[in-house]
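Per-entry structural report
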Amino acid sequence: MITKLGKRAFAILVSTSFLGLAACSSAPEQEDIERVPNKSAQALYEDAKSTLDSGLYDRSIELLSALNSRYPFGPHAQQVQMDLVFAHYKTGNTDQALATIDRFIRLNPNHKNLDYMYFMRGLVNIQADENAFQEYFGIDRADRDASRTSVAFQDLSTLTDSYPNSPYVAEAKKRLVWLLNKMARYEIKVAEYYFEREAFLAAANRGKYVVEHFSQSSYLIEALDIMEKSYEKLGLDELHLHAQQTRLLNEQQRSSN
């Protein structure tokens, strides 16, 4: 079953749909759950699975929530939680997805599919940080708070560090590279903001932060350039020269690759 869920998770990574343009779904009301036909756990799960596989995510959430409510310790209890995470993710309901993931991890610390849950937690936090409307129209949002990006990075790092043989690791590593660049870019934007306002020490410190923490990102040279210019403005000749030499060395290495 988790294999099919894995296929769903990878499929959404290359999807060109913009879920953020649609209104986020919320958890079904109790009356919606009560309207779900009274069936056995097996029959109800088969209905939920069928709707989920058909892409009817709102309806699958109603069925899965009813199943979870009526049979909290049933044979499909843990799989229901995993399916709910996927359905909430597909409907853009990040709060419900994260709440379900966190509860699952807390109650099942040794579950065999925790790698999937950390993978999905990373994806959900990425989704929560994005604004599809602005992304679609090309509006630069690099100046936004990067806290959710950092959390997503931690989630996927937990996956790669704790579950190195997981089938989700390869995709997680690709996402980690993207997240690293996104966090570095945020720091560069802040550094540029400070530099433009002649807060040169603050600008230099932001550039230094990128060098120290995001040296593997594609923004290393930009960070060194900001440090170089800021130290020059501050009259810190030795630091200015060191930043300049380091920048030139990295530019040479980049051009030779």
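Residues numbered from 1 in each chain as written. Predicted model: local features only at pLDDT ≥ 70, side-chain atom pairs only at ≥ 80, totals over all residues. Heavy atoms only, no water.

Quick notes on the nonpolar core
Counting 39 residues, the largest nonpolar core has I101, Y116, M117, F119, M120, L156 and L159 as the members making the most contacts within it. Contributions of two or more residues to this core are made by α3 (41-53), α4 (57-70), α5 (77-90), α6 (94-107), α7 (114-129), α9 (147-162) and α10 (169-196). No other element matches α7, which puts nine residues into this core. Ranked by size, the runner-up nonpolar core spans ten residues in total, among them L180, M183, A191 and V210. (Core = buried A, V, L, I, M, F, W, Y, C linked by side-chain atoms within 4.5 Å. Buried < 20%, exposed > 50% of the residue type's maximum accessible area, 1.4 Å probe, protein only. Helix = DSSP H or I, 4+ residues; strand = E, 2+ residues; numbered from the N terminus.)

A few points about the packing of α10 against helix α12 (residues 220-234)
Packing of α10 against α12 brings their axes to within 10 Å, and their N-to-C directions diverge by 20 degrees. The angle between α10 and α12 places the two elements in the roughly parallel class. Along this stretch, α10 crosses α12, giving a crossing that reads as left-handed. Across the interface between the two elements, I188, A191, E192 and F195 from α10 touch E222, A223, I226, K229, S230 and K233 from α12. Classifying every residue of the contact of α10 with α12 gives five nonpolar, one polar and four charged. (Axes fitted to C-alpha atoms, helices over the stretch in contact; angles between N-to-C directions. Parallel < 35°, antiparallel > 145°, perpendicular 65-115°, else oblique. Left-handed = near helix turned anticlockwise from the far one by under 90°. Contact = heavy atoms within 4.5 Å. Nonpolar A, V, L, I, M, F, W, Y, C, P; charged D, E, K, R; others polar.)

Observations regarding a nonpolar patch on the surface
On the surface, L201, L234, L236 and L239 cluster together into a nonpolar patch covering about 330 Å² of accessible area. Mapped onto the fold, L239 is located in helix α13 (residues 237-256). L239 sits in the partly exposed class, given a relative accessible area of 42%. (Patch = residues over 30% accessible without salt bridge, like charges linked within 9 Å, V, L, I, M, F, W, Y side chains within 5 Å. Areas by Shrake-Rupley, 256 points an atom, 1.4 Å probe, with all protein chains shown as cover. Salt bridge = Lys/Arg side-chain N within 4 Å of Asp/Glu carboxyl O.)

So, the pattern of salt bridges
One pass over the full model with this rule turns up eleven salt bridges. The residue D225 makes a salt bridge to K229 at a minimum N-O spacing of 3.5 Å. Linking D225 with K229, this pair stays in helix α12, spanning four residues, or about one helical turn. You can call K229 partly exposed: its relative accessible area is 34%. Among the ionic contacts, a cluster of salt bridges with common partners joins D102, R121 and D155.

Quick word on the UniProt feature "repeat: TPR" (unreviewed entry) in the protein
UniProt annotation of "repeat: TPR" (unreviewed entry) refers to residues 78-111 when read in the numbering used here. Regarding residues 78-111, the helix share stands at 79% and the strand share at 0%, and the terminal C-alpha atoms are separated by 9 Å. (UniProt positions renumbered as here; feature names shortened; annotations may be inferred.)

A few points about the packing of aromatic side chains
A complete count under the given rule lists seven aromatic pairs for this structure. Between Y57 and F86 the ring centres are 6.1 Å apart and the planes differ by 70 degrees, which places this aromatic pair in the edge-to-face class. Taken together, the positions of Y57 in helix α4 and F86 in helix α5 put the pair 29 residues apart, joining distant regions of the chain. Using a relative accessible area of 2% as the deciding quantity, one classes F86 as buried. Summarising the aromatic geometry, the rings of F119 and Y168 are spaced 5.0 Å apart at their centres and angled 20 degrees between planes, so their arrangement reads as stacked. Note that F119 is positioned in helix α7 and Y168 in the loop between α9 and α10, a separation of 49 residues in sequence. The pair formed by F119 and Y168 is uniform in burial state, with each residue classed as buried. Ring-pair connections join several aromatic residues into one group, and the members of that group are Y116, F119 and Y168. The residue whose ring lies beneath R175 is W178, and the NZ or CZ to ring-centre distance is 5.9 Å. (Phe/Tyr/Trp six-rings, centres within 6.5 Å; stacked < 30°, edge-to-face > 60°. Lys NZ or Arg CZ within 6 Å of the ring centre and 35° of its normal.)

Let's talk about the confidence of the model for the protein
Averaged over all residues, the pLDDT of the protein is 85; the fraction at 70 or higher stands at 79%. Taken as a whole, residues 1-5 scores under 50 in pLDDT and shows 13 contacts with residues more than four places along the chain or in a different chain. Predicted confidence for residues 9-25 stays below pLDDT 50, and this span has 31 contacts to residues more than four positions away or in other chains. (pLDDT = per-residue confidence, 0-100.)

Regarding the packing of α5 against α7
In contact at an axis separation of 11 Å, α5 and α7 are set at 20 degrees when each is read in the N-to-C sense. In terms of orientation, α5 lies roughly parallel with respect to α7. When you trace α5 past α7, the crossing you get is left-handed. Contacts between α5 and α7 involve M82, V85, F86 and Y89 from the first element and Y116, M117, M120, L123, V124 and Q127 from the second. Considered class by class, the residues forming the contact of α5 with α7 number nine nonpolar, one polar and no charged.

Let's talk about the environment of L241
Here L241 is to be found in helix α13. The exposure class assigned to L241 is partly exposed, which follows from its relative accessible area of 42%.

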